[in-house]
Amino acid sequence: MKKLIAIVLTLALMMTAASALADLVIVQNKVEITSQMEEFAKLYEEKTGVPVKVITGGGSSDYNTVLKAEMQSGREPDIFVIEGPAHYEMWKDKIADQTGADWIQYTSAAFMVDGKAVGFPVSVEGYGMAYNKEILDKAGIDPATLTTYDAYEAAFAKLDSMKAELGLDMVVSMVAGTTTGMTWVTGLHNFNVYLTVGNERNDTTYIDKVLKGEVDEERFHQYCQYVALIFKYSDPDMLLNGTQDSQLAAFANGKAAFYHQGNWMDPSLVGLNPSFEIAYAPHAFLHEVTDGILVNPPSWYAVNANGNVEEALAYLNFLATSEEGADYMVNKAAMVPAFTNVTLSPATPLSKSVMDWNAAGKTYDWQQYKLPDGFGMGTLGPIYELLASGAIDVDTFEVMMKDAIAGIAK
Amino acid sequence: MTSRKKRKLTEFLFLLPTLIAFVMVIIIPFIFGIYYSFTDWQGTGAVSQSVGFANYAEIFKDAGFLHSFLITLLFTVLNIVTVNVVAFAISLLVTSEIRGRNLYRAGFFVPNLIGGIVLGLVWQFIFSNILPSIGQSLGLPTLSKSLISNKDTVMFTMVTVNTWQYAGYIMLIYVAAIQGISKSVMEAAEVDGARYWTRITRIQIPLMANAFTISLFLTLTNSFKMYDVNVALTNGGPVTLFMGKPTQASELLALNIYNTAFKYNNMAQGQAKAVIFFIVLTIFSIIQVTWNKSKEVEA
């Protein structure tokens, strides 16, 4: 028994020693890229002589447990992942300012608080109106012109009139059903179009208003017209009964010209072997030109102010600015880097398009996650469904949406 | 210590493990729940403020909750009727002389062994994919659209699925009761010239009234607390207009409470709804059991 205890203790000591040996400890949450990240850490050690240890917490809830455990382990991690404002609030006492770092000049997606950069974007995700280039070509529509409401209106009408010869079942593959749980597409992602399109990133004018229960009348009116336009050219059955899979299948099989989803659908999309070129067009809902898609990092690397700040910053800089870092992010981990200096292209179509838009600096922010819990999916989502089912017209939709938003403030 | 006292102590000690578990997972959370419903607890950390009856007052202004309440009553009534009628009918079938009745017994009971979530998803596929394609090929306009996404038929789909799942279970209770009726009573009735229908309504049903008490109680509470099939089959949708407000057409009370607490992260409000839910269900159950008990007779 004594022997066993001794062995266990020795092992425990060795393990502590192992992480103590590493100059840099990273706690991260993407299980699917654990081995790629460790490989990159090894490569970094060969290059710079700094040993790096990667600790992974699986899934978002587990990640929090792992992070808390590591923070209390006596060897705090130097770099850890934060997933959004709530997470930042939890750890802000430990989070270091990265404002002076080199990588900042190459991105607009840093996690900013009071003008300070406190989070390094791990990757970016994006959504817009994905289009089937072959169909648009046949209909003589140049996707580059789809930057205003009027352009979309004309394009949709044209495609609709040519449905039979193009083999289309619907113009837009869109879902809005509460039964199938798709209200995040409408109540969160589509609603964010109203919040940020046309604005500088980090401009919070419209979300601030919404949180006070107000909307910008003219802009909101135009947004409602845009929603109605998309629904009008969608398939009514798909809107109400469509699932993520059937929505994708309609587009991937060439039965829809447009597809309202983000690049996270790439693995499934590639699995269906679409035979045509795919890219994103903007959600341009205004009469004025807005040229950009909605892009945001799902998570950020924060640097622990109590840890080895210098080494941590050096590591992140290497990740963002070196060829090896680009190769790791794009080819190994199959992510869309948030940095404009990376010239490698992802192999999958939607991610590639997100990357192109991001590299061109034409992106708008995601601010829907600042809405109160349940508001987007539970309160706004049902109103979109009413419009989709034809139970209300666009004017009633506008009134109901405003009512719901006014209800936030109390 | 007298032996009587000793015996009591032994009994108590044997009861203790279960009692501890019961107190820990039912009684204490229940009391805490009532307490939280008077606070503005958000589910994390300590309670900050007592808010008196504010959570309860809020509920009565909530059109969604009222709607859930009404459709839960409707669902419960429909479900009690269909489940018990179907269960009684098939129990008569499987206690008759029909060939293969054991196979039927097993077959009718099997749906009850499938989890509600799986069942909900399977039936969702049937209602929104299989039936519409049958309807389209036959040219039936009512069937060619999903019955789930139609606010007028969604309740029908939920009752169908729940009956399919639950009737087999209730059938077992009726079967046991029918078999418990003395053969001599039935034979005497037959000799006296009572027809099949008369025998059922005048002899079998009164004699198995206690089975109705328990079956109605089970279906009442089961329908009232319906959650898993609700969430998997319809997820509360589609959306309808109720008092001019967008409302989930099939969001039963349990789902409404869950959504309030976890989707809107409004724990205290959800708790208050749960307390009301508990009180209403208790009242209904007591009324039902008392009424049914008064109908029970001895042979």
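Relevant structure appears above.
Residues numbered from 1 in each chain as written. Chains lettered and ligands numbered in written order. Predicted model: local features only at pLDDT ≥ 70, side-chain atom pairs only at ≥ 80, totals over all residues.

## With respect to the pairing of strand S2 (residues 245-248) of chain B
Residue and element names in this part refer to chain B.
And then number 1: With four bridges connecting them, strand S1 (residues 239-242) and S2 associate as antiparallel partners. Directly across from Leu 241, in S2, lies its bridge partner Pro 246.
And then number 2: Linking two consecutive strands that pair antiparallel, namely S1 and S2, is a turn of two residues; a positive phi of about 50° is found at Met 243 within it. (Pairing = 2+ DSSP bridges. Helix = DSSP H or I, 4+ residues; strand = E, 2+ residues; numbered from the N terminus.)

## So, the interface of chain A and chain B
And then number 1: Contacts between the two partners involve 17 residues from chain A, matched on the other side by 18 residues from chain B.
And then number 2: Put simply, the parts of the chain that give the side of chain A that touches chain B at least two residues each are helix H11 (236-241) and helix H17 (375-389) of chain A. (Contact = placed C-beta atoms within 7 Å.)

## Remarks on the nonpolar core
And then number 1: Grouped together as the largest cluster of nonpolar side chains are 152 residues, with contacts concentrated most on Ala130(A), Val171(A), Ala256(A), Ala257(A), Phe258(A), Leu316(A) and Val354(A).
And then number 2: The leading source of residues in this core is H17(A), at seven residues.
And then number 3: Summarising the domain contributions, this core has at least three residues from each of domain 1 (2-124 + 297-321) and domain 2 (126-296 + 366-406) of chain A.
And then number 4: Not counting chain neighbours up to four residues away, the residues in contact with Leu316(A) comprise Ala101(A), Trp103(A), Phe120(A) and Tyr301(A).
And then number 5: If you look at the next biggest cluster of nonpolar residues, it comprises 20 residues, including Phe88(B), Ile90(B), Met171(B) and Tyr174(B). (Core = buried A, V, L, I, M, F, W, Y, C linked by C-beta atoms within 7 Å. Buried ≥ 20, exposed ≤ 12 C-beta atoms within 10 Å, placed from the backbone. Domains from an automatic or database assignment.)

## Some words on the environment of Tyr226(A)
Residue and element names in this part refer to chain A.
And then number 1: Within the fold, Tyr 226 resides in helix H10 (residues 217-232).
And then number 2: Exposure remark for Tyr 226: the 21 C-beta atoms within 10 Å place this residue in the buried category.
And then number 3: Distance from Tyr 226 to Phe 375, taken between C-alpha atoms, is 21 Å for residues 149 residues apart in sequence.
And then number 4: When sequence neighbours within four positions are dropped, the list of residues in contact with Tyr 226 reads Tyr 149 and Phe 285.

Read these as spatial facts, not as claims about activity.
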